[in-house]
Amino acid sequence: MLGLEITVVVLAAVLFFTWAARRLHISEPALLLCGGCLIGLTDAFGSVELTPDVVLLLFLPALLYWESSTTSLGEIRANLRPIVLLSTSLVLATSAAVAATAHALGLSWPVAFMLGAAVGPTDAIAVAAVARALPRRMLTTLRAESLINDGTALVLFAVAVGIATGEHPFSWSSTVVQFVAAYAGGMAIGAVAALVIIAVRRRVHDTLIGSGLSVLTPFATYLPAEVAHVSGVLAVVTCGLMISQFGPRVVDAGIRVMSNSFWEVSTFLLNAALFVLVGMQLPTAVRSLSSLSLSQAVWAALAVSAVVILTRLAWVYTVPYLIRAVDRRPQQRARRVSARHRLPGALAGVRGAISLAVALAVPTTTDDGEPLAGRDAIVFITVGVILVTLVLLGQALPAIVRWARMPPDTGGEEERTAQRLISAAALEALPVRAQRLDVPDEVVERVADELRAHAADDDGSPGGEEPYRKAAELHRALLQTKKEELIRLRRERLIDDTVLLRVQAVLDAEEVRLDLRYPVPPEGPDDVSGR
């Protein structure tokens, strides 16, 4: 029964604290984390433990798959060098700096490196939650970094665990082999899984089965990677990126609409639930402390948090400039970012559930059966770093973005260009298609008028857009009238419930199309999420 109680309480907390954060205009992850901490203080839920298997096998594949399948592969290619450096070299540098700090605070080197591996990577879910206001190029870089750097951290963690437990002595050659095998093996399994799934999807046209296949994909990709002891994270990310390229050509529209709706709701709930569950671990981490006093542990958590933040700042403001001094190619000069514009990315290094999962995966005993000293400190410090980065950086980032005066995103102009070009192509093909389908001339002319309006070569200014926006507002008003009349017909028993659902689905699809083409502007505090 406790499992059902936890589910109800966590989901209720997710909805309430998300609503409260949007009403109060504060960071959603930070409030969810604090709300989870309050729940963890109660007697009924104080003993709830978030196991690493739950995060790594249930939450992580689903969330990583959705993040990777909605990330631009073209932007990743264009920013491959900074992404690789951030997801490998920066993780190693951060882990080493944290390990040195932890060792100075009294932890042994292997245990200190386990802590470094836990807090070294940024979290894809946390980054997406707090950095959505950034321009597309920087947001894509941060998302791709956080998708890939988990693999680096997990390999480093496995090496540190082997040394700490006495299972494997340290060797540079074996460590390098582990890194290469984890990366190459994970990417290979992800690519093979994507090819298999794409081949199956070409033959699946049933909406429910196709949507179910989308749900199965991340777990079916992660499982063989785990069995092969390579990076399941990279397997899922590779699979998601490949499917994002082939999906528009092989997946039916109905399957895509249903699948996207499912993933948007489920990843929102999973994402927010993770923050609540992480917050619930803080009271447990405090109660479990034995190797350090509470005051010592708090100072250690603050010190490690400072090292994590400052290492990223130092990296972002040194390494790119060193590369800039060497690489003087014109195409690289065009992509340079000013020091002011670098600051939001430098302060977007939030940590999340993956760090806690790694910390909780620290073994309790060595290979000889002796207790592993410092495990409780690792868990407490990791939770502290998650709390500090989410609350401090997550709350400050919107103001930092405003101060940085980031350049305008070109996504809106690209979207208008795409709308014009595809409408022009449809207009050109209209006569042939209409003749083949034997469409009456008056219908053809009506469709042509709509296509000409969409293909009009205006500059996207408010004056050029306003007539179409007014028409969209009129369509919305008429749709509302239709829905009210439909409900009246059902109420007076002139139509059946089944008929209502079918007609309502058509009206809803039309309203969604209008909302995508001409979004309704925010009108109040309920619409401040920025999504």
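Residues numbered from 1 in each chain as written. Predicted model: local features only at pLDDT ≥ 70, side-chain atom pairs only at ≥ 80, totals over all residues. Heavy atoms only, no water.

Chemist: Before we go on, may I ask you to explain the overall build of the protein in this structure?
Modeler: Looking only at helices and strands, the protein features 22 helices and 0 strands. Buried positions account for 45% of the 531 residues belonging to the protein. For the protein, the accessible surface area stands at approximately 26,700 Å², while carbon and sulfur atoms represent 65% of it. (Helix = DSSP H or I, 4+ residues; strand = E, 2+ residues; numbered from the N terminus. Buried < 20%, exposed > 50% of the residue type's maximum accessible area, 1.4 Å probe, protein only. Areas by Shrake-Rupley, 256 points an atom, 1.4 Å probe, with all protein chains shown as cover.)

Chemist: I would appreciate a short explanation of the packing of helix α5 (residues 80–104) against helix α8 (residues 136–165) in the present structure.
Modeler: Angle between the axes and distance between the axes are the two parameters that describe a pair of packed helices. The interhelical angle for the contact between α5 and α8, taken along N-to-C directions, is 45°, at an axis separation of 8 Å. Looking at the two axes, α5 sits oblique to α8. You can see that α5 and α8 cross each other, and the crossing is right-handed. Here I83, L86, S87, T88, L90, V91, L92 and S95 of α5 come into contact with α8, specifically with T141, A144, E145, I148, N149, T152, A153 and L156. Looking at the contact of α5 with α8 residue by residue, the class counts come to 9 nonpolar, 6 polar and 1 charged. (Axes fitted to C-alpha atoms, helices over the stretch in contact; angles between N-to-C directions. Parallel < 35°, antiparallel > 145°, perpendicular 65-115°, else oblique. Left-handed = near helix turned anticlockwise from the far one by under 90°. Contact = heavy atoms within 4.5 Å. Nonpolar A, V, L, I, M, F, W, Y, C, P; charged D, E, K, R; others polar.)

Chemist: Is there a simple way to think about the state of the cysteines in this case?
Modeler: Two cysteines joined by a covalent bond between their sulfur atoms form a disulfide. A complete count under the given rule lists 0 disulfides for this structure. As a non-bridged cysteine, C34 has C37 as the owner of its nearest cysteine sulfur, 7.1 Å distant. (Disulfide = S-S within 2.5 Å.)

Chemist: Can you help me understand the packing of helix α6 (residues 109–119) against helix α17 (residues 353–360) in this one?
Modeler: Direction vectors running N to C along α6 and α17 enclose 155°, while the axes themselves pass 7 Å from each other. As far as their axial angle goes, α17 and α6 are roughly antiparallel. Every residue of α17 that contacts α6 at A117, A118 and V119 is listed here: S355, V358 and A359.

Chemist: Mind showing me how you'd approach the packing of aromatic side chains here?
Modeler: Given two aromatic rings, their pairing is described by the distance between the two centres and the angle made by the two planes. Inspection of every chain in the model, using the stated rule, returns 5 aromatic pairs. When the centroid spacing of 5.6 Å and the interplanar angle of 55° are considered together, the rings of Y65 and W263 count as tilted. Here Y65, found in helix α3 (residues 52–69), pairs with W263, found in helix α12 (residues 253–287); they are 198 residues apart in sequence, far enough to count as distant. For Y65, a relative accessible area of 3% translates into the label buried. Since its relative accessible area comes to 3%, W263 is described here as buried. (Phe/Tyr/Trp six-rings, centres within 6.5 Å; stacked < 30°, edge-to-face > 60°.)

Chemist: What is the right way to look at the pattern of salt bridges in this model?
Modeler: Pairs can form between side chains of opposite charge whenever their charged atoms are close. Under the definition given, this model contains 9 salt bridges. A salt bridge links E145 to R312; its shortest N-O distance comes to 2.9 Å. Remark: R312 occurs in helix α13 (residues 294–316) and E145 occurs in helix α8; sequence separation between them is 167 residues. Considered together, E145 and R312 belong to a single accessibility category, that of buried residues. Across the salt bridge formed by R488 and E485, the nearest N and O atoms sit 2.5 Å from each other. Of the two residues, R488 and E485 both sit in helix α21 (residues 462–491), 3 residues apart, roughly one turn of that helix. Exposure remark for R488: the relative accessible area of 25% places this residue in the partly exposed category. Beyond isolated ion pairs, a larger network of salt bridges with shared partners links E445, D449 and R452. (Salt bridge = Lys/Arg side-chain N within 4 Å of Asp/Glu carboxyl O.)

Chemist: What exactly am I supposed to notice about a nonpolar patch on the surface here?
Modeler: A contiguous nonpolar patch, built from V286, L294, V298, W299 and L302 and spanning about 470 Å² of accessible area, is present on the exposed surface. In terms of residue count, the dominant contributor to the nonpolar patch is α13 (4 residues). Position of V286 relative to the elements: it lies in helix α12. (Patch = residues over 30% accessible without salt bridge, like charges linked within 9 Å, V, L, I, M, F, W, Y side chains within 5 Å.)

Chemist: Which parts of the structure should I look at to understand the confidence of the model for the protein?
Modeler: It should be kept in mind that the predicted coordinates are not to be read in detail where pLDDT is low. Across the protein, the average pLDDT comes to 83, with 90% of residues at 70 or higher. Considering only residues more than four positions removed or in separate chains, one finds that residues 458–463, a stretch of pLDDT under 50, has 5 contacts. (pLDDT = per-residue confidence, 0-100.)

Chemist: Can you walk me through α8 in this structure?
Modeler: Residue pairs spaced three or four apart in an α-helix point in one direction, given the helix's 3.6 residues per turn. Over its 30 residues, α8 extends 44 Å from the first C-alpha to the last, a length consistent with the 44 Å expected when each residue adds 1.5 Å. Where α8 bends most, the angle comes to about 30°, and this point is I148. Most of α8 sits out of view: 25 of its 30 residues are buried. (Expected span 1.5 Å × (residues − 1). Bend = angle between axes of the 7 residues up to and from the residue.)

Chemist: Please explain the side chain of D123 as it appears in this structure.
Modeler: Relative to the helices and strands, D123 is located in the loop between α6 and α7 (124–130). Buried charge without a salt bridge: D123, with R351 as the nearest opposite-charge side chain at an N-O distance of 9.0 Å. At a separation of 3.3 Å, a polar atom in the side chain of D123 contacts the main-chain amide nitrogen of I354. With residues near it in sequence (within four places) discarded, D123 still touches S146, V350, R351, G352, A353 and I354. (Lys, Arg positive; Asp, Glu negative; His and termini not counted. Polar contact = N/O pair within 3.5 Å; in protein donor to acceptor, adjacent residues only side chain to side chain.)

Chemist: Even after reading the chapter, I still don't get α3, so can you show me in this structure?
Modeler: For α3, with 18 residues, the first-to-last C-alpha span of 24 Å sits near the 26 Å given by 1.5 Å per residue. Along α3, the largest kink reaches about 45° and is centred on L60; proline P61 follows within four residues of it.

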